[in-house]
Amino acid sequence: DQQVKQNSPSLSVQEGRISILNCDYTNSMFDYFLWYKKYPAEGPTFLISISSIKDKNEDGRFTVFLNKSAKHLSLHIVPSQPGDSAVYFCAASVSGTYKYIFGTGTRLKVLA
Amino acid sequence: DTAVSQTPKYLVTQMGNDKSIKCEQNLGHDTMYWYKQDSKKFLKIMFSYNNKELIINETVPNRFSPKSPDKAHLNLHINSLELGDSAVYFCASSQDTIGYEQFFGPGTRLTVL
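Quick caveat: nothing in here was measured; it's all calculated off a predicted structure.

Visitor: Before we move on, can you summarise the overall build of chain B with the specific residues and values?
Guide: Per the secondary structure count, chain B includes 0 helices and 11 strands. Ordering the α and β elements of chain B from the N terminus gives β-β-β-β-β-β-β-β-β-β-β. Here chain B has a C-alpha radius of gyration of 13 Å; the compact-globule value for 113 residues is 13 Å, and the two agree. Along the first, second and third principal axes, the C-alpha atoms of chain B reach 35 × 30 × 30 Å. In chain B, the share of contacts with a sequence separation of at least 24, taken over all contacts with a separation of at least 6, comes to 55%. Counting only carbon and sulfur atoms, one obtains 47% of the accessible surface of chain B, whose full area is about 5600 Å². Averaging the locations of the 12 positively and 12 negatively charged side chains of chain B gives two centres separated by 8 Å.

Visitor: Any chance you could break down the overall build of chain A for me, citing the residues and the numbers?
Guide: Along its length, chain A carries 0 helices and 11 strands. When the helices and strands of chain A are listed from N to C terminus, the series reads β-β-β-β-β-β-β-β-β-β-β. The C-alpha radius of gyration computed for chain A amounts to 13 Å, which stays within 12% of the reference 13 Å derived for 112 residues, consistent with globular compactness. Principal-axis analysis of the C-alpha atoms gives chain A an extent of 40 × 30 × 20 Å. Expressed as a percentage of the 112 residues in chain A, the buried residues total 46%.

Visitor: Lay out the nonpolar core with the relevant residues and their values.
Guide: One recurring pattern in soluble globular proteins: nonpolar side chains tend to sit buried together. Residues and elements named next belong to chain A. Val4, Phe30, Phe33, Trp35, Leu73, Leu75 and Tyr88 are the most contacted members of the largest nonpolar core, which has 25 residues in total. Of all the secondary-structure elements, those providing two or more residues to this core are β3 (19-25), β4 (32-38), β5 (45-51), β7 (62-67), β8 (72-77), β9 (86-93) and β11 (106-111). At 4 residues, the largest contribution of residues to this core is made by β9. What leucine 75 contacts, discounting residues up to four positions off in sequence, is Ser19, Ile20, Leu21, Trp35, Leu47, Ile48, Phe62, Thr63 and Tyr88.

Visitor: So, the interface of chain A and chain B: which residues are in play, and what are the values?
Guide: Counting residues at the interface gives 21 residues for chain A, matched by 21 residues for chain B. Overall, the association of chain A and chain B removes approximately 1800 Å² of surface from exposure, summing both partners, and the carbon and sulfur fraction of that is 65%. The largest contributions to the chain A side of the interface with chain B come from A:Tyr98, A:Tyr100 and A:Phe102, which together make up 34% of the buried area. Across the contact surface, chain A and chain B share 1 salt bridge. Residues A:Lys99 and B:Glu58 are paired through a salt bridge, measuring 3.0 Å at the closest nitrogen-oxygen approach. Counting across the interface, chain A meets chain B through 4 residue pairs in polar contact (both at pLDDT 80 or more). When contributions to the side of chain A that touches chain B are tallied by element, the ones reaching two or more residues are β4, β9 and β10 (100-102) of chain A. With 4 residues, β4(A) is the largest single contributor of residues to the side of chain A that touches chain B. Residues that form the side of chain A that touches chain B fall into these classes: 11 nonpolar, 7 polar and 3 charged.

Visitor: Account for the packing of aromatic side chains, with residues named and values stated.
Guide: Enumeration according to the criterion identifies 13 aromatic pairs over all chains in this entry. Each member of the aromatic cluster is reached from another via a ring pair, and the members are A:Tyr36, A:Phe46, A:Phe89, A:Phe102, B:Tyr33, B:Tyr35, B:Phe90 and B:Phe104.

Visitor: Summarise the pairing of strand β2 (residues 10-13) of chain B; cite the residues concerned and give the values.
Guide: On any regular strand, side chains alternate: one points to one face of the sheet, the next to the other face. All names here are of chain B. Taking every second residue as pointing to the same face, the buried face of β2 carries Leu11 and Thr13, while none of Tyr10 and Val12 on the other face is buried. Two strands pair when backbone bridges link them, and β2 and strand β11 (residues 108-112) are joined in this way by 4 bridges, in the parallel orientation. Note on β11: the bridge partner recorded for tyrosine 10 is arginine 109.

Visitor: Hey, could you go over the sheet that holds strand β6 (residues 56-59) of chain A for me, with residue numbers and the actual values?
Guide: Residues and elements named next belong to chain A. A sheet is described by the order of its strands in space; here 5 strands give the open sequence β1-β3-β8-β7-β6, paired in antiparallel fashion. Of all the strands in the sheet, the pair left with one neighbour each is β1 (4-5) and β6. Judged from the 6 bridges that link them, β3 and β8 form a sheet pairing that is antiparallel. Residue pairing for β8: cysteine 23 is matched across the bridge by leucine 73.

Visitor: Describe the state of the cysteines, listing the residues and the values that go with them.
Guide: Residues and elements named next belong to chain A. Inspection of the entire model under this criterion finds 2 disulfides over all chains. A sulfur-sulfur distance of 1.9 Å marks the disulfide that ties cysteine 23 to cysteine 90. In this structure the cystine formed by cysteine 23 and cysteine 90 twists about its S-S bond by roughly 65°; its chirality is therefore right-handed. With a gap of 67 residues between them, cysteine 23 in strand β3 and cysteine 90 in strand β9 connect regions that are remote in the sequence. For cysteine 23, a relative accessible area of 1% corresponds to the buried category.

Conventions we followed
Residues numbered from 1 in each chain as written. Chains lettered and ligands numbered in written order. Predicted model: local features only at pLDDT ≥ 70, side-chain atom pairs only at ≥ 80, totals over all residues. Heavy atoms only, no water. Helix = DSSP H or I, 4+ residues; strand = E, 2+ residues; numbered from the N terminus. Rg over C-alpha atoms; globule rule 2.2 N^0.38 Å. Contact = heavy atoms within 4.5 Å. Areas by Shrake-Rupley, 256 points an atom, 1.4 Å probe, with all protein chains shown as cover. Lys, Arg positive; Asp, Glu negative; His and termini not counted. Charge placed at Lys NZ, Arg CZ, Asp CG, Glu CD. Buried < 20%, exposed > 50% of the residue type's maximum accessible area, 1.4 Å probe, protein only. Core = buried A, V, L, I, M, F, W, Y, C linked by side-chain atoms within 4.5 Å. Buried area = accessible area lost by both parts, 1.4 Å probe. Salt bridge = Lys/Arg side-chain N within 4 Å of Asp/Glu carboxyl O. Polar contact = N/O pair within 3.5 Å; in protein donor to acceptor, adjacent residues only side chain to side chain. Nonpolar A, V, L, I, M, F, W, Y, C, P; charged D, E, K, R; others polar. Phe/Tyr/Trp six-rings, centres within 6.5 Å; stacked < 30°, edge-to-face > 60°. Pairing = 2+ DSSP bridges. Disulfide = S-S within 2.5 Å.

Given below as structure tokens:
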């Protein structure tokens, strides 16, 4: 039972355009969400997070949107750069459970 | 300066062997984790220690035993290795539990023949 789903295994975007990566979850108790980026042969690196009390968090080119009623979050990257090409994971947690549930990842390819 | 390091990076071994993977973090974090990423790329939590105390123990076979000698180290010992144990194992740490980002090590690719 996959509680966090990233239904698009891959995405290609032209350099300079917007990349939108989506994540859906089923557990309405999740109250903290993160996005990680992963390059081949490396561990995931933290990108941005959002608490359920917010619906948007922005950090430079990266913005995460949370729609609690739809149980959906998205990561927007504007403008996309070739160095953004990586696998992106979303993760969710319930306060007090001490663990994060990860999605299966979306491979983003930014074309120069 | 490597924040979270794992050794070895690659591990190839025969079925039935016992092996260990070591993890060290120099971030002064209180919480450490072991994750398994299988062939389908699912990244699943296995164990978590907070201040050397086990706080997460998912449904992992007893053949897997974590050991935390101190807050900076969390090692993973695997007995009687099976083919299905082949995966990439990631160690991670965070300042505390939920609400803090996790810093991941580079991973250990375990191949069981």
